[in-house]
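Observations on the model geometry
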Amino acid sequence: MNQKENPTAVAPAATKFSPYQKTVVGLLAFLQFAVILDFMLMSPLGAMIMPDMKISTQQFGLVVSAYAFSAGVSGLLTAGFADRFDRKRLLLFFYTGFVLGTLWCGLAQSFESLLIARIVTGLFGGVIGSIVLAIATDLFPLQLRGRVMGIIQTAFAASQVLGIPIGLYLSNSWNWHVPFIAMAALGLLGGIAVLWKMQPVAEHLKLKQEHSAFAHLLHTVTEPRYLVAFATTALLMTGGFMLMPFSSAYLVGNLGIDLHHLPTVYMVTGICTIGFGPMIGRAADKVGKFRVFMFGAILSIIMVLIYTHLGPVTVPMIILVNAVLFLGIFSRMIPFQALVSTVPAQTQRGSFNAISASIQQLSGGIASVIAGHIVTLGPDGRLANFDVVGFVIVGTTLAASLLVWRLNRDVQARAAQAAAATTAASH
């Protein structure tokens, strides 16, 4: 079969996206955007949901955390089956459930209904990111993966720049139900585009599969070289989940940023990050994934220490600090995702990514709880011990860097062995 007959085929030395690959990257980035936005919308809408439904802060906290924990459980439950189906069909199944769950959120009229809707949305939405990564790994060679991950990661920034302001505008103009209903409608269009444009992703089904789904899960969880990748993922997640929940309170209470300027800070930071993502991905492909990761680790350590020790500052200064901090964070995450995509065998990519997604959700939830015990809110509205959170993040980043060095060394060793075996076979 030649390249023209199979649009998913990729030449080994490909350095540019084909038209089909551009379409796939766009679709995958949109799906990530939809899932991340759904998760991020709940917090800013809390000020409207709580009085409207007459629920307490504890109940609203349960609604928010229900998504993360159900998503974490979902990843583990589906890991054993993740490599037994065409990835496109699996994606559409979970994405359909996610869209229906989002619509349910928009139609919910009671605390119980909203809580169940968030659990359902998490059960389906929590797996989508892992399937997206498995498809990206299946369809793109290693020399293009940095760029692919860079584009997919911009979904996070786009949700800040486009999604949250639009969601707040819709809720202010009508009510908090409208953003979820609008997202479900937009999500439906995205699902139709995937159904219409994406080819089946089923090459892994031609390879030998394990008979038992449980055995497949067990072998993935217990594979020693996978454990290093899982541990690194858990460490890298702690940083964002420790800073993010308290960032707005820190900006207002400690740094003196006016509430009306908060959307500007997040929007400009998000715009910068949208620009950073593809550039970081391109650099990871050209310079090397490990080198770009180490640049990001060092920069993020410096910027976290600066950020968590700031006093009152101007809006332009905090935008600059925030933008450089996110440059460091994304310079870690994008090359790491590209590097870790080489770790699982083709028949275990689905289960590997599903378990990794579960670890992200669960470690993120645990990190938020730990940060909540470290940070205290004073009567003057200032956060105390926020600098301690900075030191914890520096420690986890250093530990993660050591594991990524080991991961990179193992990847290079396997690549050298494969090259030697190919050379020997050709002779």
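Below is a short write-up of the structure. (Residues numbered from 1 in each chain as written. Predicted model: local features only at pLDDT ≥ 70, side-chain atom pairs only at ≥ 80, totals over all residues. Heavy atoms only, no water.)

So, on to helix α10 (residues 289-307). For α10, which comprises 19 residues, the first-to-last C-alpha distance of 26 Å matches the rise-based estimate of 27 Å (1.5 Å per residue) to within 8%. Within the sequence span of α10, burial applies to Lys289, Val292, Phe293, Gly296, Ala297, Leu299, Ser300, Ile301, Met303, Val304 and Tyr307. (Helix = DSSP H or I, 4+ residues; strand = E, 2+ residues; numbered from the N terminus. Expected span 1.5 Å × (residues − 1). Buried < 20%, exposed > 50% of the residue type's maximum accessible area, 1.4 Å probe, protein only.)

Turning our attention to empty space enclosed by the protein. A probe as big as a water molecule, rolled over the atoms, marks out the empty space that is left. Enumeration according to the criterion identifies 4 cavities of 30 Å³ or more in this entry. The volume enclosed by the largest cavity comes to roughly 140 Å³. Along the wall of the largest cavity there are 14 residues; nearest its centre are Leu133, Gln337, Val340, Asn353 and Ser356. Elements with a minimum of two residues in the lining of the largest cavity: α4 (111-139), α8 (224-253), α11 (315-340) and α12 (349-374). Of the residues contributing to the lining of the largest cavity, the split by class is 7 nonpolar, 7 polar and no charged. Approximately 40 Å³ is the volume found for the second largest cavity. If you trace the second largest cavity, you find it lined by Gly239, Gly240, Leu243, Ser300, Val304, Ile329, Arg332, Ile393 and Thr397. (1 Å grid on protein atoms, 1.4 Å probe; cavity = no way out; pocket = protein on both sides within 12 Å on 5 of 7 lines; lining within 4 Å. Points joined across faces, edges and corners; volume = space filled by probe spheres on them. Nonpolar A, V, L, I, M, F, W, Y, C, P; charged D, E, K, R; others polar.)

Right, let's get into the pattern of salt bridges. Within the structure shown, the criterion is met by 9 salt bridges. The residue Arg87 makes a salt bridge to Asp138 at a minimum N-O spacing of 2.6 Å. Placement of the pair is Arg87 in helix α3 (residues 87-107) and Asp138 in helix α4, with a sequence separation of 51 residues. Close ionic contact of Glu223 with Arg225 constitutes a salt bridge, the shortest N to O distance being 3.8 Å. For Glu223, a relative accessible area of 28% gives the class partly exposed. Beyond isolated ion pairs, a larger network of salt bridges with shared partners links Asp83, Arg87, Asp138 and Arg349. (Salt bridge = Lys/Arg side-chain N within 4 Å of Asp/Glu carboxyl O.)

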